[in-house]
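# Structural characterization, general
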Amino acid sequence: MRGLRDKVAIITGGGQGIGRAIALRLAREGADIVIADVNTATASVVAGEVRAAGRRALAVQTDVAHANDRRALVDAALSTFERIDILVNNAGIIRVSDPLEITEEEWDLVQATNLKGTYFTCQAVLPHMLARGQGRIVNIASIAAKAGSTAFVHYNVSKAGVVALTRNLAVAYGKRGVTVNCVCPGIVDTEMWAKIEREAGVLLGMEPGEFTQSRVNAIALGRLEQPEDVGDAVAFLCSEDARYITGQAINVEGGMIFH
Ligand code: NAD
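Attention in this report is confined to the structure presented alongside it. (Residues numbered from 1 in each chain as written. Predicted model: local features only at pLDDT ≥ 70, side-chain atom pairs only at ≥ 80, totals over all residues. Heavy atoms only, no water.)

## Considering the site of the ligand
Going by this rule: Nearness here has a simple test: a residue counts as near a molecule or strand if at least one of its heavy atoms is within 4 Å of that partner. Under this definition, polar contacts are N or O atom pairs within 3.5 Å; protein pairs additionally need one hydrogen-donor-capable and one acceptor-capable atom, and for neighbouring residues in sequence, both atoms have to be side-chain atoms. We get accessible surface area from the Shrake-Rupley algorithm with a probe of 1.4 Å; when it comes to residues, only the shown protein chains can shield them. Per the convention used, a helix needs a DSSP run of H or I reaching at least four residues, while a strand needs a run of E reaching at least two, with both numbered from the N terminus. Polar here means any residue other than Ala, Val, Leu, Ile, Met, Phe, Trp, Tyr, Cys and Pro, which are nonpolar, and Asp, Glu, Lys and Arg, which are charged; Gly is therefore polar.
The ligand sits among 27 residues. The nearest are Asp37, Asn90, Tyr155, Val188 and Thr190. Contacts to the ligand include Val64, whose backbone N or O atom sits 3.0 Å from a nitrogen atom. Contacts to the ligand include Tyr155, whose side-chain N or O atom sits 2.6 Å from an oxygen atom. In isolation the ligand has 830 Å² of accessible area, and contact with the protein removes 92% of it. Breaking the shell around the ligand down by element, the ones donating at least two residues are α1 (17–28), α5 (153–173) and α6 (191–203). Per element, the largest residue contribution to the shell around the ligand is three residues, and it comes from α6. Here the residues of the shell around the ligand sort into 13 nonpolar, ten polar and four charged.

## Considerations on the pairing of strand β3 (residues 57–61)
This is how the line gets drawn: In short, DSSP must find at least two bridges between two strands for them to pair. With the strands aimed away from the viewer, a crossover counts as right-handed if its path from the first strand over the helix to the second runs clockwise.
The pairing of strand β2 (residues 32–37) with β3 spans five bridges and is parallel. Bridged to Ile33 within β3 is Ala57. The handedness of the β2 to β3 crossover, carried by helix α2 (residues 40–52), is right-handed.

## Describing the packing of helix α3 (residues 67–81) against helix α4 (residues 104–132)
In a pair of packed helices, the angle between the axes and the distance between the axes together describe the arrangement. Our working rule: Only the stretch in contact is used when a helix axis is fitted, and all axes are lines through C-alpha atoms; the angle between N-to-C directions ranges over 0 to 180 degrees. The sense of a crossing depends on the near helix, which, turned anticlockwise from the far helix by less than a right angle, makes the crossing left-handed and, turned clockwise, makes it right-handed. Any two residues having at least one pair of non-hydrogen atoms within 4.5 Å are treated as being in contact.
Where α3 contacts α4, the axes come no closer than 10 Å and their chain directions differ by 35°. As α3 packs across α4, the resulting crossing turns out to be right-handed. Residue-level contacts link Arg70, Val74 and Leu78 of α3 to Gly117, Phe120, Thr121, Ala124, Val125 and His128 of α4. Of the residues that constitute the contact of α3 with α4, the class distribution is five nonpolar, three polar and one charged.

## Digging into unusual backbone geometry
As a reminder of what qualifies: Partly exposed residues are those whose accessible area sits between 20% and 50% of the maximum for their type, while under 20% is buried and over 50% is exposed, using a 1.4 Å probe and protein chains only.
Its identity as a non-glycine residue notwithstanding, Asp6 has a phi of 65°, on the positive side. When you line up the elements, Asp6 lands in the segment before β1 (8–12). In this structure, Glu82 takes a positive phi of about 70° despite not being glycine. Looking at the secondary structure, you find Glu82 in the loop between α3 and β4 (86–89). Classification of Glu82 as exposed rests on a relative accessible area of 68%.

## Some words on the nonpolar core
To keep things clear, this is the line we draw: We call a set of buried Ala, Val, Leu, Ile, Met, Phe, Trp, Tyr and Cys residues a nonpolar core when their side-chain atoms join them within 4.5 Å.
One finds Leu26, Ile33 and Val234 to be the most contacted residues of the largest nonpolar core, which totals 31 residues. Elements represented by at least two residues in this core include exactly β1, α1, β2, α2, β4, β5 (135–140) and α8 (227–238). Contacts of Ile33, omitting those with residues within four sequence positions, involve Ala9, Ile11, Ala23, Leu26, Ala27, Val50, Arg56, Ala57, Leu58 and Phe81. Of all hydrophobic cores here, the second largest spans 23 residues; its members include Val8, Ala77, Ile84 and Val178.

See the structure below:
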(Lines give C-alpha, C1' and ligand atoms only; values in the text may rest on other atoms or scores of the structure.)
Protein backbone atom coordinates (compact mmCIF):
# COMPACT_ATOMS: atom_id res chain seq x y z
CA MET A 1 0.00 0.00 0.00
CA ARG A 2 1.45 3.38 -0.96
CA GLY A 3 2.55 6.10 1.41
CA LEU A 4 2.67 4.35 4.78
CA ARG A 5 6.42 3.72 5.09
CA ASP A 6 7.95 5.66 8.02
CA LYS A 7 4.63 7.26 8.97
CA VAL A 8 3.83 7.58 12.69
CA ALA A 9 0.43 6.30 13.79
CA ILE A 10 -1.40 6.50 17.12
CA ILE A 11 -3.91 3.69 17.68
CA THR A 12 -6.20 4.12 20.69
CA GLY A 13 -7.46 0.91 22.23
CA GLY A 14 -4.60 -0.79 20.41
CA GLY A 15 -3.96 -3.41 23.08
CA GLN A 16 -6.31 -6.06 21.70
CA GLY A 17 -8.98 -6.94 19.17
CA ILE A 18 -9.51 -4.57 16.26
CA GLY A 19 -6.96 -2.02 17.53
CA ARG A 20 -4.23 -4.66 17.67
CA ALA A 21 -5.01 -5.79 14.11
CA ILE A 22 -4.85 -2.17 12.88
CA ALA A 23 -1.52 -1.64 14.65
CA LEU A 24 0.03 -4.78 13.17
CA ARG A 25 -1.26 -4.07 9.65
CA LEU A 26 0.09 -0.50 9.68
CA ALA A 27 3.40 -1.80 11.06
CA ARG A 28 3.58 -4.34 8.22
CA GLU A 29 3.16 -1.41 5.82
CA GLY A 30 6.19 0.27 7.40
CA ALA A 31 4.63 2.63 9.98
CA ASP A 32 5.86 3.26 13.52
CA ILE A 33 3.12 2.75 16.08
CA VAL A 34 1.98 4.34 19.34
CA ILE A 35 -0.34 1.99 21.23
CA ALA A 36 -2.61 4.02 23.55
CA ASP A 37 -4.70 1.85 25.83
CA VAL A 38 -6.04 1.89 29.40
CA ASN A 39 -4.58 -1.57 29.73
CA THR A 40 -0.80 -1.15 29.91
CA ALA A 41 -0.09 -4.87 29.93
CA THR A 42 -1.81 -5.60 26.62
CA ALA A 43 -0.50 -2.36 25.08
CA SER A 44 3.06 -3.45 25.91
CA VAL A 45 2.51 -6.89 24.36
CA VAL A 46 1.29 -5.33 21.09
CA ALA A 47 4.20 -2.86 21.13
CA GLY A 48 6.47 -5.91 21.33
CA GLU A 49 4.70 -7.47 18.34
CA VAL A 50 5.20 -4.27 16.34
CA ARG A 51 8.92 -4.29 17.19
CA ALA A 52 9.12 -7.95 16.18
CA ALA A 53 7.69 -6.85 12.82
CA GLY A 54 10.65 -4.48 12.46
CA ARG A 55 9.07 -1.14 13.34
CA ARG A 56 9.42 1.22 16.29
CA ALA A 57 6.66 1.15 18.91
CA LEU A 58 5.62 2.96 22.07
CA ALA A 59 2.97 1.86 24.58
CA VAL A 60 1.28 4.71 26.47
CA GLN A 61 -1.26 4.12 29.22
CA THR A 62 -4.19 6.28 28.13
CA ASP A 63 -7.82 6.65 29.12
CA VAL A 64 -9.23 8.54 26.16
CA ALA A 65 -12.01 9.92 28.36
CA HIS A 66 -9.46 11.96 30.38
CA ALA A 67 -7.92 15.22 29.14
CA ASN A 68 -4.63 14.77 31.02
CA ASP A 69 -4.13 11.34 29.47
CA ARG A 70 -4.85 12.65 25.97
CA ARG A 71 -2.34 15.48 26.42
CA ALA A 72 0.28 13.10 27.82
CA LEU A 73 -0.31 10.75 24.86
CA VAL A 74 0.37 13.47 22.28
CA ASP A 75 3.44 14.68 24.23
CA ALA A 76 4.82 11.14 24.45
CA ALA A 77 4.25 10.47 20.75
CA LEU A 78 5.91 13.74 19.71
CA SER A 79 8.86 13.43 22.05
CA THR A 80 9.56 9.88 20.85
CA PHE A 81 8.77 10.11 17.13
CA GLU A 82 8.69 13.91 16.51
CA ARG A 83 5.48 13.83 14.50
CA ILE A 84 2.05 12.22 14.19
CA ASP A 85 0.84 11.36 10.68
CA ILE A 86 -2.09 9.08 11.51
CA LEU A 87 -4.62 8.90 14.33
CA VAL A 88 -6.93 5.90 14.61
CA ASN A 89 -9.62 6.41 17.24
CA ASN A 90 -10.51 2.81 18.00
CA ALA A 91 -10.95 2.73 21.80
CA GLY A 92 -14.53 1.92 22.68
CA ILE A 93 -16.78 0.17 25.17
CA ILE A 94 -20.28 -1.26 25.13
CA ARG A 95 -22.89 -1.82 27.82
CA VAL A 96 -25.86 -4.13 27.24
CA SER A 97 -29.08 -2.93 28.89
CA ASP A 98 -32.81 -2.78 28.33
CA PRO A 99 -33.53 0.80 27.12
CA LEU A 100 -35.68 1.50 30.19
CA GLU A 101 -32.95 0.26 32.56
CA ILE A 102 -30.06 2.37 31.25
CA THR A 103 -28.79 4.59 34.07
CA GLU A 104 -27.39 8.07 33.57
CA GLU A 105 -24.02 6.82 34.86
CA GLU A 106 -23.93 4.07 32.24
CA TRP A 107 -25.03 6.49 29.51
CA ASP A 108 -22.30 8.97 30.51
CA LEU A 109 -19.58 6.30 30.63
CA VAL A 110 -20.37 5.05 27.11
CA GLN A 111 -20.52 8.59 25.66
CA ALA A 112 -17.37 9.68 27.54
CA THR A 113 -15.32 6.86 26.05
CA ASN A 114 -16.76 6.41 22.56
CA LEU A 115 -17.88 9.91 21.63
CA LYS A 116 -16.11 12.45 23.85
CA GLY A 117 -12.90 10.40 23.83
CA THR A 118 -12.89 10.26 20.05
CA TYR A 119 -13.65 13.95 19.58
CA PHE A 120 -11.13 15.26 22.06
CA THR A 121 -8.37 12.93 20.93
CA CYS A 122 -8.89 14.44 17.46
CA GLN A 123 -8.74 17.88 19.06
CA ALA A 124 -5.48 17.02 20.83
CA VAL A 125 -3.78 15.78 17.65
CA LEU A 126 -5.22 18.15 15.01
CA PRO A 127 -3.17 21.29 15.80
CA HIS A 128 -0.03 19.29 15.13
CA MET A 129 -1.40 17.86 11.84
CA LEU A 130 -2.63 21.30 10.72
CA ALA A 131 0.76 22.87 11.44
CA ARG A 132 2.31 20.32 9.05
CA GLY A 133 -0.53 20.60 6.51
CA GLN A 134 -1.17 16.88 6.44
CA GLY A 135 -2.76 14.07 8.42
CA ARG A 136 -5.08 11.09 8.36
CA ILE A 137 -7.72 10.40 10.99
CA VAL A 138 -9.76 7.20 10.94
CA ASN A 139 -12.48 6.73 13.54
CA ILE A 140 -13.87 3.28 14.29
CA ALA A 141 -17.63 3.73 14.42
CA SER A 142 -19.94 0.73 13.80
CA ILE A 143 -22.89 -0.37 11.72
CA ALA A 144 -24.63 0.31 15.05
CA ALA A 145 -24.41 4.01 14.07
CA LYS A 146 -26.89 3.32 11.27
CA ALA A 147 -29.16 0.73 12.93
CA GLY A 148 -31.66 0.41 15.78
CA SER A 149 -31.18 -1.90 18.75
CA THR A 150 -33.17 -3.06 21.76
CA ALA A 151 -30.05 -3.94 23.75
CA PHE A 152 -27.58 -1.03 23.49
CA VAL A 153 -29.23 2.27 22.57
CA HIS A 154 -26.51 4.32 24.27
CA TYR A 155 -23.78 2.55 22.27
CA ASN A 156 -25.62 3.12 18.98
CA VAL A 157 -26.10 6.79 19.81
CA SER A 158 -22.40 7.20 20.64
CA LYS A 159 -21.39 5.65 17.31
CA ALA A 160 -23.86 7.84 15.37
CA GLY A 161 -22.10 10.76 17.06
CA VAL A 162 -18.74 9.46 15.85
CA VAL A 163 -20.06 9.45 12.27
CA ALA A 164 -21.32 13.02 12.73
CA LEU A 165 -18.08 14.34 14.22
CA THR A 166 -16.17 12.68 11.38
CA ARG A 167 -18.17 14.60 8.77
CA ASN A 168 -17.76 17.87 10.66
CA LEU A 169 -13.99 17.59 11.10
CA ALA A 170 -13.61 16.50 7.46
CA VAL A 171 -15.37 19.68 6.33
CA ALA A 172 -13.45 21.85 8.78
CA TYR A 173 -9.94 20.64 7.86
CA GLY A 174 -10.03 19.13 4.36
CA LYS A 175 -8.59 22.27 2.77
CA ARG A 176 -5.72 22.13 5.25
CA GLY A 177 -4.55 18.66 4.25
CA VAL A 178 -6.28 16.43 6.80
CA THR A 179 -8.72 13.67 5.82
CA VAL A 180 -11.15 12.29 8.42
CA ASN A 181 -13.10 9.09 7.80
CA CYS A 182 -14.94 6.36 9.69
CA VAL A 183 -14.92 2.64 9.29
CA CYS A 184 -18.16 0.96 10.35
CA PRO A 185 -17.44 -2.70 11.21
CA GLY A 186 -20.21 -5.29 11.60
CA ILE A 187 -19.86 -8.26 13.94
CA VAL A 188 -16.22 -8.68 14.74
CA ASP A 189 -14.84 -11.72 16.54
CA THR A 190 -13.31 -9.98 19.59
CA GLU A 191 -13.79 -9.87 23.37
CA MET A 192 -16.33 -7.08 22.88
CA TRP A 193 -18.49 -9.29 20.71
CA ALA A 194 -18.16 -12.20 23.17
CA LYS A 195 -19.58 -9.88 25.88
CA ILE A 196 -22.42 -8.78 23.58
CA GLU A 197 -23.25 -12.40 22.73
CA ARG A 198 -23.35 -13.37 26.44
CA GLU A 199 -25.31 -10.40 27.72
CA ALA A 200 -27.62 -9.60 24.80
CA GLY A 201 -28.53 -13.29 24.48
CA VAL A 202 -29.69 -13.32 28.12
CA LEU A 203 -31.49 -9.96 27.78
CA LEU A 204 -33.37 -11.14 24.69
CA GLY A 205 -34.10 -14.63 26.12
CA MET A 206 -31.94 -16.50 23.58
CA GLU A 207 -29.96 -19.73 23.89
CA PRO A 208 -26.11 -19.46 23.99
CA GLY A 209 -24.85 -18.77 20.46
CA GLU A 210 -28.31 -17.92 19.10
CA PHE A 211 -27.79 -14.14 19.06
CA THR A 212 -24.55 -14.45 17.08
CA GLN A 213 -26.05 -17.01 14.72
CA SER A 214 -29.03 -14.76 14.00
CA ARG A 215 -26.61 -12.00 13.04
CA VAL A 216 -24.31 -14.23 10.97
CA ASN A 217 -27.37 -15.37 9.01
CA ALA A 218 -27.76 -11.77 7.85
CA ILE A 219 -24.18 -11.50 6.51
CA ALA A 220 -23.86 -11.96 2.75
CA LEU A 221 -20.32 -13.34 3.08
CA GLY A 222 -21.59 -15.88 5.63
CA ARG A 223 -18.94 -15.58 8.34
CA LEU A 224 -18.05 -13.47 11.36
CA GLU A 225 -15.79 -10.51 10.64
CA GLN A 226 -12.18 -10.82 11.80
CA PRO A 227 -10.18 -7.90 13.29
CA GLU A 228 -7.86 -8.08 10.26
CA ASP A 229 -10.82 -7.33 7.94
CA VAL A 230 -11.08 -3.96 9.70
CA GLY A 231 -7.30 -3.45 9.86
CA ASP A 232 -6.98 -3.80 6.10
CA ALA A 233 -9.68 -1.18 5.43
CA VAL A 234 -8.09 1.24 7.90
CA ALA A 235 -4.68 0.82 6.26
CA PHE A 236 -6.25 1.70 2.90
CA LEU A 237 -7.85 4.87 4.32
CA CYS A 238 -4.48 5.89 5.81
CA SER A 239 -2.65 5.27 2.54
CA GLU A 240 -1.91 7.56 -0.40
CA ASP A 241 -4.44 5.55 -2.42
CA ALA A 242 -7.27 7.06 -0.34
CA ARG A 243 -6.14 10.68 -0.79
CA TYR A 244 -9.49 11.82 -2.26
CA ILE A 245 -11.72 10.16 0.34
CA THR A 246 -12.87 12.21 3.33
CA GLY A 247 -15.94 12.61 5.53
CA GLN A 248 -17.12 9.04 4.80
CA ALA A 249 -18.50 6.29 7.00
CA ILE A 250 -17.50 3.14 5.13
CA ASN A 251 -19.23 -0.12 6.03
CA VAL A 252 -16.88 -3.09 6.38
CA GLU A 253 -19.41 -5.69 7.49
CA GLY A 254 -19.50 -8.52 4.96
CA GLY A 255 -22.72 -7.30 3.34
CA MET A 256 -25.35 -7.03 6.10
CA ILE A 257 -27.81 -5.90 3.51
CA PHE A 258 -30.90 -7.36 5.14
CA HIS A 259 -30.38 -6.31 8.75
P1 NAD B 1 -12.25 -4.89 22.63
O2 NAD B 1 -13.08 -4.72 23.86
O3 NAD B 1 -11.78 -6.25 22.27
O4 NAD B 1 -10.98 -3.91 22.70
C5 NAD B 1 -11.14 -2.57 23.08
C6 NAD B 1 -9.79 -2.00 23.49
O7 NAD B 1 -10.01 -0.63 23.87
C8 NAD B 1 -9.18 -2.71 24.70
O9 NAD B 1 -7.81 -2.88 24.52
C10 NAD B 1 -9.48 -1.75 25.85
O11 NAD B 1 -8.55 -1.84 26.92
C12 NAD B 1 -9.41 -0.40 25.14
N13 NAD B 1 -10.15 0.66 25.84
C14 NAD B 1 -11.39 0.59 26.38
N15 NAD B 1 -11.72 1.76 26.96
C16 NAD B 1 -10.67 2.59 26.75
C17 NAD B 1 -10.40 3.93 27.11
N18 NAD B 1 -11.28 4.66 27.82
N19 NAD B 1 -9.22 4.48 26.74
C20 NAD B 1 -8.30 3.74 26.03
N21 NAD B 1 -8.50 2.47 25.70
C22 NAD B 1 -9.65 1.90 26.05
O23 NAD B 1 -13.12 -4.26 21.45
P24 NAD B 1 -13.05 -4.41 19.85
O25 NAD B 1 -14.12 -5.34 19.44
O26 NAD B 1 -11.66 -4.63 19.40
O27 NAD B 1 -13.56 -2.95 19.45
C28 NAD B 1 -12.71 -1.92 19.00
C29 NAD B 1 -13.58 -0.80 18.43
O30 NAD B 1 -14.39 -1.31 17.37
C31 NAD B 1 -14.55 -0.20 19.43
O32 NAD B 1 -14.68 1.20 19.22
C33 NAD B 1 -15.86 -0.88 19.10
O34 NAD B 1 -16.97 -0.12 19.49
C35 NAD B 1 -15.75 -1.01 17.61
N36 NAD B 1 -16.58 -2.05 17.01
C37 NAD B 1 -16.52 -3.34 17.44
C38 NAD B 1 -17.34 -4.29 16.86
C39 NAD B 1 -17.32 -5.75 17.27
O40 NAD B 1 -18.23 -6.49 16.85
N41 NAD B 1 -16.37 -6.21 18.04
C42 NAD B 1 -18.22 -3.92 15.82
C43 NAD B 1 -18.25 -2.60 15.42
C44 NAD B 1 -17.42 -1.67 16.01
